[in-house]
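An overview of the molecular structure
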Amino acid sequence: KTNTRATMRFSSVAIAALSAIVAASAVASGDAFVPNARSGTFLSRTSTAGLKSSTLASVTTVQTKPIEGMKPGTSGLRKKVEVWKDEPNYVENFIQSLLDTAKEGNNGEMPHTLVVGGDGRYYNKEAIQTICRVLAANGVKDIWVPKGGIMSTPAVSAVIRRRSGGQALGGIVLTASHNPGGPGQDFGIKYNESFGQPAGEEFTDALYEKSLKLSTYKTLADSADIDLDAPVGTEYSLTDSSKVTLIDPFAEYVDALKESFDFDALKSFVEKNPSFSLLYDGMHGAGGPFAQRVLVEELGLPSSSLLRCDPREDFGQCHPDPNLTYAADLVKKMGLNPDGSSNESIDMSEVPALGAANDGDGDRNLIAGAGCFVTPSDSLALICDNWKAIPHFAKQGGPKGVARSMPSSAALDVVAEARDIPCFSTPTGWKFFGNLMSSKELFDKTDYTPFLCGEESFGTGSDHIREKDGLWAVLAWMSILQNANEEASDKMVGVKDIVMAHWAKYGRHFYCRYDFEAVDSGAANEVMDLIRTKYVEGSESPEKDESGINLESAEEFAYTDPVDGSQTSKQGLILSFTYPNGDPARVVFRLSGTGSAGATVRMYLEKFE
């Protein structure tokens with residue numbers, strides 16, 4: 001790469017090499033050993049003082065056969081955990097195919113530094129051990145693993161972009177996101193590229209093709225396990241040229257947030273406004289410890305603000321998807337009925353001012369106020385309209401570009417048009433936002449940063465990293481509330497006040513999504529084909545009735561990336577309507593790519609008033 005980032009990476013590698021030489025010359029101490037919990041064997045361990053010589057594992061090449069079905073979806077490859085755990089060579093085959101693809105895209109050289117971490121779900125620790133062996137055997141020199149093996153997806157992106165000047169060339173993230181975890185549930189692996197962004201379709205398509213031709217993989221023979229709970233800075237020599245370093249999972253991510261928000265102002269807001277309280281539901285996912293670090297330790301909120309913030313392998317047997325159904329306890333505590341409407345029997349003065357939830361890997365978010373559920377599409381539009389309250393945008397004169405996934409409501413479009421901000425509608429999948437964010441740094445094209453983007457599936461984020469970020473959205477709403485309450489008043493301006501004022505100014509996009517999950521794939525495709533044949537390719541129209549609602553058009557959404565020119569087709573069927581008064585409405589049908597079994601048909605209903 002002929003850019004500043006590449007120069008920074010080269011410099012950081014050179015400095016690290018010089019440091020190792022100096023350390024080897026100046027430091028002399030005995031080897032330390034840590035027991036292998038499974039076999040009682042030992043693995044050489046060293047502190048940050050310098051690498052120690054040890055008995056190293058030997059690289060071995062293992063014969064294998066291609067395994068069908070390793071085609072990543074919109075966010076990695078997701079399967080039932082037993083597939084990963086019990087099918088011979090499944091993890092090794094996938095990681096070898098991934099590394100071969102990464103090497104091909106790195107001018108034929110194996111990436112020298114990779115991050116490996118996961119959301120803490122069942123099989124996370126075992127998979128990390130396997131992956132580290134494959135990486136070391138293939139010549140990855142530096143493998144960074146978070147202490148404990150747990151790191152939120154946003155934090156992985158931050159480490160790739162920031163640690164040692166952006167030294168890492170990618171990250172392997174062990175997550176099935178908002179899908180359930182535990183025996184019989186889901187496990188997944190996805191890859192983030194050198195700018196911290198999810199791998200694009202060119203990468204995932206190449207990975208899939210390689211998986212169909214794979215005949216061997218490399219690993220380490222008789223290699224003991226790494227002690228993932230050793231102190232931060234501990235290094236493990238796996239081969240004479242490869243080592244694992246346990247890193248602080250929080251450092252780079254917290255730094256990124258501190259550059260985006262005014263932590264001092266938010267802390268002061270918390271201290272000086274007794275009427276402000278927050279309830280955050282970590283859903284027993286990877287985001288919990290990060291909420292503890294930021295909301296409690298940095299901003300001074302009480303520990304009682306946190307709900308289910310201890311990561312568990314099975315997410316406490318809950319479904320870690322931050323929506324009205326699966327965050328039911330939070331929804332109830334926020335004075336809401338199960339459908340998101342206000343529970344009028346509740347005394348709202350006793351309800352927290354702000355409620356939030358994150359999913360299993362910490363990248364999705366639910367936002368609510370007292371008696372007020374904020375839809376993800378409205379949340380995105382409100383953040384855009386209130387950009388002056390968020391330092392990341394304010395200090396750069398506002399967003400230079402905004403984007404939403406096509407199925408999300410057009411609430412963002414209305415604000416962007418009023419504020420003259422370029423607005424994009426993309427296919428579902430954060431990787432499409434990544435290209436827009438990196439338009440300048442990766443392609444030397446139009447600079448859309450600072451950038452704001454989001455999805456109706458409870459994802460919101462900015463260009464501070466290259467992933468959606470649940471905790472970022474919480475801090476954005478805290479900043480909006482802080483700004484709205486800068487002038488002293490007897491009554492605090494709440495989330496509901498801000499939302500109602502927004503609807504009065506811009507109109508309201510009524511919105512709902514229905515999911516038909518784990519249905520027969522053939523039947524799901526028949527549904528899509530029926531709509532496509534009748535309305536998109538054909539000329540049929542529903543019969544007129546007393547509603548006066550007319551079908552105006554039907555189309556199948558396709559996307560040409562304005563940055564790299566890549567084309568993506570068959571991204572959803574859109575039926576557009578008008579009401580008698582001229583208000584627009586639409587229905588979208590889309591097959592989802594985030595499930596681990598069967599198919600999911602999503603139906604999105606939207607009406608503007």
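Everything below is about the structure printed above this text.
Calculation notes
Residues numbered from 1 in each chain as written. Predicted model: local features only at pLDDT ≥ 70, side-chain atom pairs only at ≥ 80, totals over all residues. Heavy atoms only, no water. Helix = DSSP H or I, 4+ residues; strand = E, 2+ residues; numbered from the N terminus. Buried < 20%, exposed > 50% of the residue type's maximum accessible area, 1.4 Å probe, protein only. Contact = heavy atoms within 4.5 Å. Areas by Shrake-Rupley, 256 points an atom, 1.4 Å probe, with all protein chains shown as cover. Polar contact = N/O pair within 3.5 Å; in protein donor to acceptor, adjacent residues only side chain to side chain. Phe/Tyr/Trp six-rings, centres within 6.5 Å; stacked < 30°, edge-to-face > 60°. Pairing = 2+ DSSP bridges. Right-handed = clockwise from strand over helix to strand, strands pointing away. Axes fitted to C-alpha atoms, helices over the stretch in contact; angles between N-to-C directions. Core = buried A, V, L, I, M, F, W, Y, C linked by side-chain atoms within 4.5 Å. Domains from an automatic or database assignment. Parallel < 35°, antiparallel > 145°, perpendicular 65-115°, else oblique. Left-handed = near helix turned anticlockwise from the far one by under 90°. Nonpolar A, V, L, I, M, F, W, Y, C, P; charged D, E, K, R; others polar. Salt bridge = Lys/Arg side-chain N within 4 Å of Asp/Glu carboxyl O.

Looking now at the overall build of the chain. Counting secondary structure elements, the chain contains 18 helices and 27 strands. Going through the 609 residues of the chain one by one, you find that 56% of them count as buried. Within the chain, contacts between residues separated by at least 24 positions form 70% of all contacts whose residues are at least 6 apart in sequence. A total accessible area of about 25000 Å² is found for the chain, and carbon and sulfur atoms account for 50% of it.

Its location among the elements puts His178 in the loop between β7 (171–174) and β8 (186–192). Judged by its relative accessible area of 6%, His178 is buried. Looking at His178, its side chain comes within polar contact range of the side chain of Ser177, at 3.2 Å.

Bringing the packing of aromatic side chains into the picture now. Given two aromatic rings, one states the distance between the centres and the angle between the planes to describe the pair. Going through the model one piece at a time under the given rule, you end up with 14 aromatic pairs. Ring centres of Trp84 and Phe187 lie 5.7 Å apart, and the angle between their planes is 70°; on these two criteria the pair is classed as edge-to-face. With a gap of 103 residues between them, Trp84 in helix α2 (residues 81–86) and Phe187 in strand β8 connect regions that are remote in the sequence. As far as the burial class goes, Trp84 and Phe187 line up, both buried. Relative to Phe187, the ring of Tyr123 has its centre 5.4 Å away and its plane inclined at 70°; by these criteria the two rings are edge-to-face.

This brings us to the pairing of strand β12 (residues 278–281). On a regular strand, each side chain points to the face opposite its neighbour's, so the side chains alternate between the two faces of the sheet. Because side chains alternate across β12, one face comprises the buried residues Leu278 and Tyr280, and the other comprises Leu279 and Asp281, equally buried. Where β12 meets strand β14 (residues 354–358), 4 bridges bridge the pair, whose relative direction is parallel. If you follow Leu278 over to β14, its bridge partner there is Leu354. Summarising the sheet, β12 and strand β13 (residues 306–307) pair through 2 bridges and their orientation is parallel. Within β13, the residue paired with Asp281 across the bridge is Leu307. With respect to chirality, the unit in which β12 leads through helix α9 (residues 287–298) into the neighbouring parallel β13 is right-handed.

Positionally, Ser592 belongs in strand β26 (residues 584–592). Look at Ser592 and you get buried, because its relative accessible area is 16%. Side-chain polar atoms of Ser592 contact the side chain of Arg602, separated by 3.0 Å. Residues within four places of Ser592 in sequence aside, it is in contact with Thr600 and Arg602.

Looking now at the sheet that holds β12. One open sheet accounts for 5 strands, arranged β13-β12-β14-β15-β16; its pairing is mixed. With one partner strand each, in any of the chains shown, β13 and β16 (372–374) form the two edges of the open sheet. Across the sheet, α9 touches β12 and β13, and the angle it forms with β12 is around 160°. Here helix α16 (residues 470–484) sits on the sheet and contacts β12, β14, β15 (365–369) and β16; the angle it forms with β14, its principal contact strand, is near 170°.

The residue Val374 is located in strand β16 in this model. Residue classification places Val374 among the buried residues on the basis of a relative accessible area of 3%. Those residues in contact with Val374 that lie beyond four places of it in its chain are Ile367, Ala368, Ser379, Leu382, Trp477, Val495 and Val499.

Membership of the largest hydrophobic core comes to 70 residues, with the highest contact counts inside it found for Phe276, Tyr280, Leu295, Leu475, Trp477 and Met478. For this core, the two domains that each supply at least three residues are domain 1 (58–248) and domain 2 (254–507). Beyond its immediate chain neighbours, meaning those up to four positions away, Met478 contacts Leu266, Phe269, Val270, Phe276, Leu278, Leu295, Leu299, Leu301 and Leu354. By size, the runner-up hydrophobic cluster in this structure holds 45 residues, among which are Val140, Val145, Ile189 and Tyr236.

With that settled, the discussion passes to the packing of α9 against α16. Relative placement of two packed helices is described by the angle separating their axes and the distance separating the axes. Packing of α9 against α16 leaves a shortest axis separation of 11 Å and a crossing angle of 25°. Considering their axes alone, α9 and α16 lie roughly parallel with respect to each other. Relative to α16, the crossing made by α9 is right-handed. Listed contacts from α16 to Phe290, Ala291, Val294 and Leu295 of α9 are Leu471, Leu475 and Met478. Here the residues of the contact of α9 with α16 sort into 7 nonpolar, no polar and no charged.

Next up on the list: the pattern of salt bridges. Taken as a whole and assessed by the stated rule, the structure comprises 29 salt bridges. A salt bridge links Arg364 to Asp359; its shortest N-O distance comes to 3.8 Å. For Arg602, the salt bridge goes to Asp515, with nearest N and O atoms at 2.9 Å. Of this pair, Arg602 sits in strand β27 (residues 599–608) while Asp515 sits in strand β21 (residues 509–519), and the two are 87 residues apart along the sequence. Judged by relative accessible area, Arg602 falls into the buried class, the value being 7%. Members of the salt-bridge network, linked through shared partners, are Glu456, Arg513, Asp515 and Arg602.

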